[in-house]
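Structural description and commentary
Single-letter residue listing:
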Amino acid sequence: MDRTSALSVERATVTFDGVTAVDDVTFSVPRGVTQAVIGPNGAGKTTLVNLVCGLEAGTGVIRLGDVAISGLRPDRRAAAGLARSFQTPILCPDLGVLDNIRVGAPRAAARDAARVRELLDALGIEAPPGAPVDTLTHRDRRLVEIARALLRGPSVLILDEPAAGLGQAEADSMMAAVVETVSATGGTIVIIEHNMDLISTWADRVLVLDRGRVLAEGTPREIRADAAVVEAYLGGEWS
Ligand SMILES: Nc1ncnc2c1ncn2[C@@H]1O[C@H](COP(=O)(O)OP(=O)(O)OP(=O)(O)O)[C@@H](O)[C@H]1O
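A short tour of the structure in this document, coming up. Predicted model, so just to flag it, every value in this text is computed and none were measured.

To continue, consider the layout of surface pockets. Space inside the largest pocket adds up to approximately 370 Å³. Lining of the largest pocket is provided by 17 residues; of these, A78, A83, R84, F86 and R152 occupy positions nearest its centre. When residues of the lining of the largest pocket are traced back to their parent elements, those giving at least two are α2 (74–80), β6 (82–85) and α6 (138–151). When residues in the lining of the largest pocket are grouped by element, the largest group, 4 residues, is from α2. For the lining of the largest pocket, the residue count by class is 10 nonpolar, 1 polar and 6 charged.

Right, dumping it as structure tokens:
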């Protein structure tokens, strides 16, 4: 076991009715890095993340730091330090910004008004704290979901396509705020993302999946130069 890993996945496999969506995937994410997971549609990215979070059944060993979490329920994995955002932000429509950030957090965190304010500021959420979430911009909705995840003080934050629906400048400023906020606590980010510019700018490492398998792993520069990756997926996008 690699003691410097924030997250490690060993021989993960998920099968749906004969379709192997995640096929014997092994990788580890060093502490403090931003790790991207990329791959064509249907490559298995979301299924892999769901397996890590306990939302999908499968085989393999998943560790958060030194702790094996693969046998735990999703809420126990969250308590162990895993947090995530979803492709479409999931917010409580009847609650305002502050209460959406606090909802579901352990009591001590939910009561930590100073930390909540700090997250609002650090992430650059523009809406007033009491604003109903149905009045929020798409960017603020995403950031409220991320703030909720960060209030738990996770060791690993998983972001599922956080830039979807945002322009490049908005996506960049969102990532700058998230990376800075997570770095300040020594946390680690795993980001599923299609936006190559965003990955080149913000990811330290990239894992490439294709048809459920690991096709390549490396820095954005190494991935860009990998012939198998270019052929399978990237085409002209990195050139
Ligand atoms: N609940 C399910 N039941 C059956 N098949 C599924 C289910 N979820 C995913 N799959 C299949 O598993 C494979 C991987 O899907 P997954 O959504 O994980 O890929 P992805 O890389 O996240 O794709 P995208 O970029 O389109 O979000 C696909 O073939 C998909 O059709």
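Quick look at the packing of α6 against helix α7 (residues 168–184) now. Orientation of α6 relative to α7, taken along the N-to-C sense of each, is 10°, at an axis distance of 11 Å. Overall, the two elements α6 and α7 adopt an arrangement that is roughly parallel. Crossing hand, α6 versus α7: right-handed. Here α6 contributes R139, R142, L143, I146 and L150 to the contact with α7, which in turn contributes E170, S173, M174, V178, T181 and V182. Counted by class, the contact of α6 with α7 contains 6 nonpolar, 2 polar and 3 charged residues.

Let us look at the packing of aromatic side chains. Within the structure shown, the criterion is met by 0 aromatic pairs. Above the ring of F86, the side-chain terminus of R84 is found at 4.1 Å from the ring centroid.

Under the defined criterion, the tally for this structure stands at 11 salt bridges. Taking the shortest distance from any N to any O, the salt bridge between R84 and D160 comes out at 3.6 Å. On the criterion of sequence distance, the pair formed by R84 in strand β6 and D160 in strand β7 (residues 156–160) is long-range, its members being 76 residues apart. A relative accessible area of 2% places D160 in the buried class. A salt bridge links E118 to R115; the nearest nitrogen and oxygen atoms lie 2.7 Å apart. Within this pair, E118 and its partner R115 are both found in helix α5 (residues 113–123), separated by 3 residues, close to a single helical turn. A relative accessible area of 45% means that E118 is categorised as partly exposed. One salt-bridge network, in which partners are shared between bridges, spans E126, R139 and D140.

An α-helix turns once per 3.6 residues; consequently, residues spaced three or four apart project the same way. Taking burial as the measure, the 9 residues of helix α1 (residues 45–53) include 8 buried ones, the bulk of the element. The set of residues buried in α1 consists of K45, T47, L48, V49, N50, L51, V52 and C53. Positioned one or two residues after α1, G54 has a phi angle of 85°, which is positive.

Our focus in this paragraph is the sheet that holds strand β5 (residues 67–68). What the 4 strands build is an open sheet, ordered β2-β1-β4-β5; its pairing is antiparallel. One side of each edge strand has no neighbouring strand; the edge strands of this open sheet are β2 (19–30) and β5. Summarising the sheet, strand β4 (residues 59–64) and β5 pair through 2 bridges and their orientation is antiparallel. Across the sheet, R63 pairs through a bridge with A68, a residue of β5. Lying over the sheet, α1 contacts β1 (5–16), β2 and β4, oriented at roughly 115° with respect to β1.

About the thresholds
Sequence positions are assigned chain by chain, starting from 1 and proceeding in written order. In keeping with the model being predicted, local features are shown solely for residues with a pLDDT of at least 70 and side-chain atom pairs are shown and tallied solely at 80 or more, while totals for entire chains, interfaces and linings include all residues. Side-chain measures here rest on the full set of heavy atoms in the structure, leaving out hydrogens and waters. Here the term cavity refers to a set of points on a 1 Å grid, laid over the protein atoms alone, in which a 1.4 Å probe fits but cannot get out; the term pocket refers to an open set having protein on both sides within 12 Å along at least five of seven lines, with lining residues being those that place an atom within 4 Å of a point. Grid points are joined across faces, edges and corners, and a volume is the space filled by probe spheres set on the points. We count a stretch as a helix when DSSP gives it H or I for four or more residues in a row; a strand needs E for two or more, and each element gets its number in order from the N terminus. Think of it as three bins: nonpolar holds Ala, Val, Leu, Ile, Met, Phe, Trp, Tyr, Cys and Pro, charged holds Asp, Glu, Lys and Arg, and polar takes everything else, Gly as well. Axes here mean lines fitted to C-alpha atoms, for a helix over just the part in contact, with angles spanning 0 to 180 degrees between N-to-C directions. Should an angle lie under 35 degrees it is considered roughly parallel, over 145 roughly antiparallel, and from 65 to 115 roughly perpendicular; all remaining angles are considered oblique. Handedness of each helix crossing follows the sense of rotation of the near helix against the far helix: counterclockwise by less than a right angle gives left-handed, clockwise gives right-handed. We call two residues contacting when some pair of their heavy atoms lies within 4.5 Å. Note on aromatic contacts: the rings of Phe and Tyr and the six-membered ring of Trp form a pair at centre separations within 6.5 Å, being stacked when their planes are under 30 degrees apart, edge-to-face when over 60 apart, and tilted otherwise. Lysine NZ or arginine CZ positioned within 6 Å of the ring centre and within 35 degrees of the ring normal marks a charge as sitting over the ring. The working definition used for a salt bridge is a side-chain nitrogen of Lys or Arg within 4 Å of a carboxyl oxygen of Asp or Glu. Partly exposed describes any residue whose relative accessible area lies between the buried limit of under 20% and the exposed limit of over 50%, with all areas from a 1.4 Å probe on protein chains only and scaled to the type maximum. Any two strands between which DSSP finds at least two bridges are classified as paired.

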